[in-house]
Amino acid sequence: MHRPEQTPAPTDRRRRHLRATAVTIALGVVMFSGGAVGLSPTGSGAPDTVVPVASSAGPASGVEALRERVKRLPKDLVGWADLGMALVQEARSTADQATYTQAETALRRSLVLQPAENLHAEIGMGALAAARHRFRDALAWARKAVATSPATPASYGVLADAHTQLGQYEEAEEAVQKMADLRPDSSSLARASYTFELRGDTDRATTLMERSLRAAGTPGERAFALTHLSSLALDNGDPTTALRRAQTGLTIAPRDAGLLEARARAHAATDDREQAVADYTAAIAVAPLPQYLLGLGELQQSLGHQDRAEAQYAVLRAQETLRRAAGNPADVDAILFEADHGDPRHAVTTAAAAVRERPFLAVHDAYAWALHRAGRDDEALEQAEQALTLGTRSALFLYHRGAIHQALGNDDAARQDLTKALALDPSFHPLHAPAAHAALRRIDDTP
């Protein structure tokens, strides 16, 4: 990816102008929709961890201000679109399916007012579809937005995210390049970072995310970049840097759930598990998202606090019931949770449906793990290979493939994957990292 050059801003104001608020919302809600919209390809973090919505006073007050606006101006198509995008962001923070429905109502109200060439609503509908993990719909809306305004960077951000989650990685890179050519800002640089992270070039990914941090124009953008710099450091086995990045971010945004989770993971990696529990608990109080609940539950389980772990798992099960009722595809965290703490056969069924709709690396990995836990290791290995096809440096992916190799009796391949996983990040998971050490001991003790 070549260094992007600055280009002039679009001149067609009617079709192409997006207020900074709208752009920020749209890019924030769909950026890096891996797992729960996190930057990490394992599905943690996220996501999806996004930039703030319409008002600096917070999502709730921003939504209320926009509601008042459309009451005063019921034919304001941009106002309805902004309200819809703000509601998408609120729903992502609360895991509330009803709020997604309200978001769709607002966005479709805008589209009724102007069915064609309604850029705000088209980007908003793409963001909504991505947040619901309906990435084929997100792709369709992104293409409409690009057709409406080929010179608006935000349209290519939605397009890139949809292509990424559909496993169309070259197309995603082309969209990111176009976005960066139009405007090499914090959002486009962050997406460029992600393309390199997926391909295992974490040094380049870090460099680009640092550039995204320097280009950040709002506290939310800085918090976003620092969250993912922390994640990159942790995924490279550097918890000290990960902790420093997260702490720096929390001085800017003390209640940012993504940063709290990043600091929790860093504390766990440095064996300060009491503080890790506190940070996970604080993150969940802000945004009870599945990856935070699963992270805290598995951390509590690793500490021998099974009753406390089950309390988190109960909330996860309730959220999964609501997801199924809404007809939304399963997230990576839901699949992994079912595979490890529920019914692996049900996890396989869920994962098979998810990978058909979203053939992304992390979904292939979750499907592989579900198949392994259900005893279907030949099929599991095929999916594990798909998860690592780009060369992504993920200790969790490598552990999963290593465990599958071991189950198949491929001890040399298992040893290689397990050793590499622990070299990347010795504390990559509170339950699976110890299991990786134990698996290596078993292999080495085998005559």
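Now for a description of the structure that goes with this document.

Here's the deal with the nonpolar core
So, step 1. Residues Leu 83, Ile 123, Leu 128, Leu 159 and Tyr 292 are the most contacted members of the largest nonpolar core, which totals 77 residues.
So, step 2. Ranked by size, the runner-up nonpolar core spans 48 residues in total, among them Val 363, Ala 366, Ile 404 and Leu 440.

Some remarks on helix α13 (residues 239-252)
So, step 1. Counted at 1.5 Å a residue, the expected span for α13 with its 14 residues is 20 Å, and the 20 Å between its end C-alpha atoms agrees.
So, step 2. Within the sequence span of α13, burial applies to Pro 239, Thr 241, Ala 242, Leu 243, Arg 245, Ala 246, Gly 249 and Leu 250.
So, step 3. As for α13, its buried residues are in contact with α11 (202-215), α12 (219-235) and α14 (257-269).

Considering the environment of Val 332
So, step 1. Tracing the sequence through the fold places Val 332 in helix α18 (residues 332-341).
So, step 2. A relative accessible area of 1% means that Val 332 is categorised as buried.

Considerations on the packing of helix α7 (residues 135-148) against helix α8 (residues 153-165)
So, step 1. Running from N to C, α7 and α8 cross one another at 150°; their axes reach a closest spacing of 8 Å. Accordingly, the angle class assigned to the pair α7 and α8 is roughly antiparallel. For the pair α7 and α8, the sense of crossing is left-handed. Taken together, the residues of α8 that come into contact with α7 (itself represented by Phe 135, Ala 138, Leu 139, Ala 142, Arg 143, Ala 145 and Val 146) are Ser 155, Tyr 156, Val 158, Leu 159, Ala 162, His 163 and Gln 165.
So, step 2. Split by residue class, the contact of α7 with α8 holds ten nonpolar, three polar and one charged.

With respect to the pattern of salt bridges
Pairing of side chains with opposite charge becomes possible as their charged atoms draw close.
So, step 1. Going through the model one piece at a time under the given rule, you end up with 24 salt bridges.
So, step 2. We note a salt bridge from Arg 323 to Glu 320, for which the minimum N-O separation is 2.5 Å. Linking Arg 323 with Glu 320, this pair stays in helix α17 (residues 306-326), spanning three residues, or about one helical turn.
So, step 3. Judged by relative accessible area, which is 14%, Glu 320 ranks as buried.
So, step 4. The salt bridge partner of Asp 417 is Arg 401, with a shortest N-O separation of 2.8 Å. One end of the pair, Asp 417, is in helix α23 (residues 411-424); the other, Arg 401, is in helix α22 (residues 395-407), with 16 residues separating them in the sequence.
So, step 5. According to the relative accessible area criterion, Asp 417 is buried, its value standing at 3%.
So, step 6. Here the salt bridges do not stand alone but share partners, grouping Arg 69, Asp 76 and Asp 82 into one network.

Let's talk about the side chain of Thr 195
So, step 1. For Thr 195, the position within the fold is in helix α10 (residues 186-198).
So, step 2. Residue class for Thr 195 comes out buried when judged on its relative accessible area of 12%.
So, step 3. At 2.6 Å, the side chain of Thr 195 forms a polar contact with the backbone oxygen of Ala 192.

Procedures and definitions
Residues numbered from 1 in each chain as written. Predicted model: local features only at pLDDT ≥ 70, side-chain atom pairs only at ≥ 80, totals over all residues. Heavy atoms only, no water. Core = buried A, V, L, I, M, F, W, Y, C linked by side-chain atoms within 4.5 Å. Buried < 20%, exposed > 50% of the residue type's maximum accessible area, 1.4 Å probe, protein only. Helix = DSSP H or I, 4+ residues; strand = E, 2+ residues; numbered from the N terminus. Expected span 1.5 Å × (residues − 1). Contact = heavy atoms within 4.5 Å. Axes fitted to C-alpha atoms, helices over the stretch in contact; angles between N-to-C directions. Parallel < 35°, antiparallel > 145°, perpendicular 65-115°, else oblique. Left-handed = near helix turned anticlockwise from the far one by under 90°. Nonpolar A, V, L, I, M, F, W, Y, C, P; charged D, E, K, R; others polar. Salt bridge = Lys/Arg side-chain N within 4 Å of Asp/Glu carboxyl O. Polar contact = N/O pair within 3.5 Å; in protein donor to acceptor, adjacent residues only side chain to side chain.

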